[in-house]
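# Architecture at a glance
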Amino acid sequence: MATDGTVRPSLAGAEVVSASLARHRFRPLEGLVWLAMLAGYWLWPEYRPLGSQIFIMCLFVLSLDIVVGYAGIVTLGHAAFFGVGAYTAGLTAIHLSNEPFLGLLTAAVAAGLVGILSGLIVLRTTGLTLMMLTLAIVFVLHEAANKLGSVTGGSDGLQGVTVAPILGLWSLDFFGQTAYIYTGAVLFLGWLFARILVGSPFGRSIVGIRENLVRMRAIGSPVRLRLLVVYGISATMAGIAGALLTQTTQFVSLSAITFTRSGEALIMLILGGVGRLYGAFVGAPIYMLMQDALAKYNPVFWTFWIGLMLVLTVMFARNGVLGLVDSVLAWRRRAA
Amino acid sequence: MTASASLPPLLETQGLSKSFGALVVADSIDLTLRPGARHALIGPNGAGKTTFVNLVTGTLQPTAGRILMGGEEVTGLSPEARVRKGVGRTFQINSLFNRLSVLENVAIAVSERDGFAGRIFRARKAERRAFEEAYAILEGIGIGMEALRPVAEIAYGRQRLVEIAIALALKPKVLLLDEPAAGIPSAESHVVLDVVEALPPDIAVLIIEHDMALVFRLASRITVLVQGAILVEGTPQEIAHDPKVKEVYLGEKSH
Ligand SMILES: Nc1ncnc2c1ncn2[C@@H]1O[C@H](COP(=O)(O)OP(=O)(O)OP(=O)(O)O)[C@@H](O)[C@H]1O
Ligand SMILES: [Mg+2]
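Here is what the cut-offs are and how they apply
Residues numbered from 1 in each chain as written. Chains lettered and ligands numbered in written order. Predicted model: local features only at pLDDT ≥ 70, side-chain atom pairs only at ≥ 80, totals over all residues. Heavy atoms only, no water. Near = heavy atom within 4 Å. Polar contact = N/O pair within 3.5 Å; in protein donor to acceptor, adjacent residues only side chain to side chain. Helix = DSSP H or I, 4+ residues; strand = E, 2+ residues; numbered from the N terminus. Nonpolar A, V, L, I, M, F, W, Y, C, P; charged D, E, K, R; others polar. Buried < 20%, exposed > 50% of the residue type's maximum accessible area, 1.4 Å probe, protein only. Pairing = 2+ DSSP bridges. Right-handed = clockwise from strand over helix to strand, strands pointing away. Contact = heavy atoms within 4.5 Å. Buried area = accessible area lost by both parts, 1.4 Å probe. Salt bridge = Lys/Arg side-chain N within 4 Å of Asp/Glu carboxyl O. Axes fitted to C-alpha atoms, helices over the stretch in contact; angles between N-to-C directions. Phe/Tyr/Trp six-rings, centres within 6.5 Å; stacked < 30°, edge-to-face > 60°. Lys NZ or Arg CZ within 6 Å of the ring centre and 35° of its normal. pLDDT = per-residue confidence, 0-100. Donors = N, O, S within 2.8 Å, 3.2 Å for Na, K, Ca; no water.

### Focus on the site of ligand 1
All names here are of chain B. Neighbouring ligand 1 are 13 residues; Val-25, Lys-49, Thr-50, Thr-51 and Gln-92 lie closest to it. A distance of 2.9 Å is found between an oxygen atom of ligand 1 and a backbone nitrogen or oxygen belonging to Gly-46. Counting only elements with at least two residues in the shell around ligand 1, the list comes to β2 (23–33) and α2 (49–57). Considering only residue class, the shell around ligand 1 consists of 4 nonpolar, 7 polar and 2 charged.

### Section: the pairing of strand β7 (residues 174–178) of chain B
All names here are of chain B. Of all 5 residues that make up β7, 5 are buried, and the element is covered over most of its length. In this structure, strand β6 (residues 87–89) lies alongside β7, joined through 3 bridges in parallel fashion. Of the residues in β7, the one forming a bridge with Arg-89 is Leu-176. Relative to strand β8 (residues 204–208), β7 runs parallel, the two sharing 5 bridges. Looking at the pairing, Leu-175 lines up with Val-205 of β8. Once the chain exits β7 it traverses helix α7 (residues 190–197) before rejoining the sheet at β8, and the crossover so formed is right-handed.

### Some words on the interface of chain A and chain B
Contacts between the two partners involve 39 residues from chain A, matched on the other side by 44 residues from chain B. Summing the contributions of chain A and of chain B, the shared interface buries around 3,700 Å²; its carbon and sulfur component is 61%. Linking chain A with chain B are 5 salt bridges, by the criterion used here. A:Arg215 is paired through a salt bridge with B:Glu163; the nearest N and O atoms lie 2.3 Å apart. Linking chain A with chain B are 14 residue pairs in polar contact (both at pLDDT 80 or more), by the criterion used here. Elements that contribute at least two residues to the side of chain A that touches chain B include exactly α1 (13–22), α8 (177–198), α9 (201–211), α10 (213–218) and α11 (223–249) of chain A. Here the side of chain A that touches chain B gets 8 residues from one element, more than from any other, and that element is α9(A).

### So, the sheet that holds strand β10 (residues 229–234) of chain B
Residues and elements named next belong to chain B. Reading across the sheet, the 6 strands line up as β6-β7-β8-β3-β9-β10 and stay open at both edges, with mixed pairing between neighbours. Of all the strands in the sheet, the pair left with one neighbour each is β6 and β10. Averaged over neighbouring strand pairs, the angle between their axes works out to 20 degrees when direction is ignored.

### Here we look at the packing of aromatic side chains
Residue and element names in this part refer to chain A. On inspection of all chains with the given rule, the structure shows 15 aromatic pairs over all chains. Consider the rings of Trp-34 and Phe-188, whose centres lie 5.0 Å apart with planes at 85 degrees: the pair is edge-to-face. Of the two residues, Trp-34 is situated in helix α2 (residues 28–43) and Phe-188 in helix α8; the sequence distance between them amounts to 154 residues. Among the aromatic residues, ring-to-ring pairing joins Phe-26, Trp-34, Phe-188, Trp-191, Tyr-278 and Phe-281 into one connected group. Taking NZ or CZ as reference, Arg-48 lies 3.9 Å from the ring centre of Tyr-41, over its face.

### Points about unusual backbone geometry
Even without a glycine there, the phi angle at A:Leu277 is positive, about 70 degrees. With respect to the helices and strands, A:Leu277 occurs in the loop between α12 (259–272) and α13 (279–297). Its identity as a non-glycine residue notwithstanding, B:Ser28 has a phi of 50 degrees, on the positive side. Positionally, B:Ser28 belongs in strand β2.

### As for the confidence of the model for chain B
A low pLDDT means the predicted coordinates there should not be read in detail. Averaged over all residues, the pLDDT of chain B is 93; the fraction at 70 or higher stands at 95%. Model confidence for the complex is summarised by a pTM of 0.93, with the ipTM given as 0.93.

### Side note on the coordination of the magnesium ion (ligand 2)
Residue and element names in this part refer to chain B. Binding of the magnesium ion (ligand 2) to the protein goes through Thr-50 (OG1) and Gln-92 (OE1), at separations of 1.9 to 2.1 Å. In this pair, Thr-50 is assigned in helix α2 and Gln-92 in the loop between β6 and α4 (102–113), connecting sequence segments 42 residues apart. Look at Thr-50 and you get partly exposed, because its relative accessible area is 27%. Assessed through its relative accessible area of 29%, Gln-92 is described here as partly exposed.

Structural data, given as structure tokens:
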């Protein structure tokens, strides 16, 4: 079979196996990302409050990437879980206890449950139907939060959320020091989990479902169950992100649970790069820093620039900023 | 042979039928596969061969009839459950995981078979074993050197072999091969033939194939399907001399 003409050294089985196992090993570059985030704390103290908001969106977009990028479930409704998490954390703080970790826990459980329950219906469908159903769930929950004013504060938002000091030591202050570290730490854990997930047999099986549903069925994979599990996991992460927003802003507004939030997260993901885990870490900061800068410079037109950027991404960098970096690296390797 | 004849067949269909509206694509098909069977299913385009595979694997629900595996009825079972009972298949048109490596394409099947494909934590050992087994399968069919390449990038003929490797990784008792050499130039189809000939002797193999030379070399029994119904079943000798079969195939060629 010399037909394809490539002469490659025949790797022994053991080498092939270790090379395959090593594909998901941690790389030094990944540590650098976290060092940069830590360094940001001291380098730009005035950006700490924005930093924590960026971390929250990173976590939310990361949860979206697992579902959209890895499992191939193109949803427009992820804000539903973010919002459920946000309100649950707020209500927990007001009615139960303002211990922050308890708020994260109740938010995670509530969002995960809503994820699994809605997944039972939504995941029976695909494509446009799925998009419409997920969108409908956001609208329904938004309207429910609006109408249940006595519980949620309606359009005034949920006021009076307090947060006890983290671990009883650090309270969330106006300068955002604690918030920066707190949200950063939760994001780190979320990333660690996502990182393990996508490198696991489970992660490969959801990629398999994205790549070829028919074949997955033919090799005996319980496809429905897998999708439900990944949807539930992702909803849980989104709920935790929502809880962090509540705790750092000590307030929940109806905007937590809007289509706009779903859409923004999707834009950030596409901007950064879909299905590569780091898309969230590139897309969310770019989007939010641009929003911050442009809103100062020209508050009326900043959405125009965001829109332009999205058009350019979709036209010239189909795989987002990270895809662009990949192409440039590949091109330089070929040129060398 | 006598011992296996007394056991229930690995696969048996009884009066298996399927219609799409007025179109009958499976018309009361009775077919039996015993351990070690090398059974060819032939017939003109659109005869219903792929449909039969889809009915057996559970991708399609029959309008009538029964499917039994090892004497146990599986007609109502999901495709996944049937895989667990030991039925594996390949696809007429490549159905691979395009963005995964060749090795991962096979390992994904091993992990489903061994039941750890849903695991997130503490799967390293199982994962290593799955990769080792997947590599052994690839080496066994002569494409070990492609293991690390994305499957979409390897030569088409070798993709056809990966198609078989995925099914083999399930360690099926019954293997349904839907035109495994489809699209490969006949000068190269011997590669697929060699793989099929080297399959474990005790599994039952149903092979759909258009190339008569291949069919006669591989099969010890042949079923001819025409318009969803069995025209005739017999040994290669009987089929080669059957006037009805000649008519179907000559009739094919004359238009
Ligand atoms: N889902 C479907 N809906 C309607 N008709 C179908 C469907 N699937 C297959 N058919 C029809 O059933 C008939 C049998 O198709 P099938 O694919 O089983 O044939 P085949 O024997 O495998 O042919 P080939 O040799 O071309 O692969 C064809 O006429 C086909 O058009
Ligand atoms: Mg066919």
